[in-house]
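Residues per chain are reported as follows:
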Amino acid sequence: GAVVSQHPSRVICKSGTSVKIECRSLDFQATTMFWYRQFPKQSLMLMATSNEGSKATYEQGVEKDKFLINHASLTLSTLTVTSAHPEDSSFYICSARDIGRITYGYTFGSGTRLTVV
Amino acid sequence: AQSVTQLDSQVPVFEEAPVELRCNYSSSVSVYLFWYVQYPNQGLQLLLKYLSGSTLVKGINGFEAEFNKSQTSFHLRKPSVHISDTAEYFCALGGDSGGGADGLTFGKGTHLIIQP
């Protein structure tokens, strides 16, 4: 089945530094990947849609300059949290859609727990 | 605009009892509905999905859901739960707005607590 690998699973960084999170589709191609954010005991909120070879589409209220998304290939999207602050601490999850599958399928990564101290 | 409502934030159930987790949706386009399970500090695992066809959908781990268009609902059921079913369950909605790849809209989640 479709597998999405997300790395790192946990990261602790100092306030003011940047953190990069990778999302890879291991056995399928994904022209589109999605980045979600989840606060404790809350639902997932779509942050942005990452399109291979073009600019990401951000949801309303998401700062483009803070959350940089790059989708350089059909199997890799990265989210960089720039100048991180404690309020950026959250659980970030990526998702990829398999363009080769007939059925409508999304596969999720295992998530990244970001803690900014 | 699309929305998903999970009215129950928490559902306690005794082991081996049946359970129903409720989900209602709102959408102006064709809908695709999903149920995901999330264990602590993990990503989401797909339980089942409705795309078209039969309104009764069977998924993994003994779960099933029924799509009801008139009631705009997609409730999740299991006839007999186990301790291992304790987790957070999310209902999600995908809409075919013609763009080809829209992100999912999630409900707020229901915490299923299985009591021995």
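Everything here concerns the structure above.
Below is a short write-up of the structure.

How each quantity is defined
Residues numbered from 1 in each chain as written. Chains lettered and ligands numbered in written order. Predicted model: local features only at pLDDT ≥ 70, side-chain atom pairs only at ≥ 80, totals over all residues. Heavy atoms only, no water. 1 Å grid on protein atoms, 1.4 Å probe; cavity = no way out; pocket = protein on both sides within 12 Å on 5 of 7 lines; lining within 4 Å. Points joined across faces, edges and corners; volume = space filled by probe spheres on them. Helix = DSSP H or I, 4+ residues; strand = E, 2+ residues; numbered from the N terminus. Nonpolar A, V, L, I, M, F, W, Y, C, P; charged D, E, K, R; others polar. Disulfide = S-S within 2.5 Å. Phe/Tyr/Trp six-rings, centres within 6.5 Å; stacked < 30°, edge-to-face > 60°. Buried < 20%, exposed > 50% of the residue type's maximum accessible area, 1.4 Å probe, protein only.

On to the layout of surface pockets. Roughly 650 Å³ of internal volume is contained in the largest pocket. Around the largest pocket sit 28 residues that line it, and Leu44(A), Met45(A), Leu46(A), Met47(A) and Glu59(A) are the ones nearest its centre. Contributing elements (two or more residues each) for the lining of the largest pocket: strand S5 (44-51) of chain A together with strand S11 (105-106) of chain B. With five residues, S5(A) is the largest single contributor of residues to the lining of the largest pocket. In terms of residue class, the lining of the largest pocket is made up of 10 nonpolar, 10 polar and eight charged. Here the second largest pocket is characterised by a volume of approximately 530 Å³. Forming the boundary of the second largest pocket are 23 residues, of which Pro40(A), Lys41(A), Gln42(A), Gln38(B) and Glu88(B) lie nearest the centre. Looking at the lining of the second largest pocket element by element, the count peaks at three residues for strand S10 (residues 87-96) of chain B. Residues that form the lining of the second largest pocket fall into these classes: eight nonpolar, 11 polar and four charged.

Residues and elements named next belong to chain A. Under the definition given, this model contains two disulfides over all chains. Disulfide partner of Cys23: Cys94, at an S-S distance of 2.0 Å. Where Cys23 bonds to Cys94 through sulfur, the torsion about that S-S bond is close to 80°, and the disulfide is right-handed. In this pair, Cys23 sits in strand S3 (residues 19-25) while Cys94 sits in strand S9 (residues 90-97), placing the two residues 71 residues apart along the sequence.

Turning our eyes to something else, we now look at the packing of aromatic side chains. Going through the model one piece at a time under the given rule, you end up with 13 aromatic pairs over all chains. Taking 5.0 Å as the distance between ring centres and 75° as the angle between the ring planes, the aromatic pair formed by Phe108(A) and Tyr36(B) counts as edge-to-face. Here the residue Phe108(A) occupies a position in strand S10 (residues 106-108), and Tyr36(B) occupies one in strand S5 (residues 30-38), the pair thus bridging two chains. Each member of the pair, Phe108(A) together with Tyr36(B), is buried.

On their own, these measurements won't tell you what the molecule is for.
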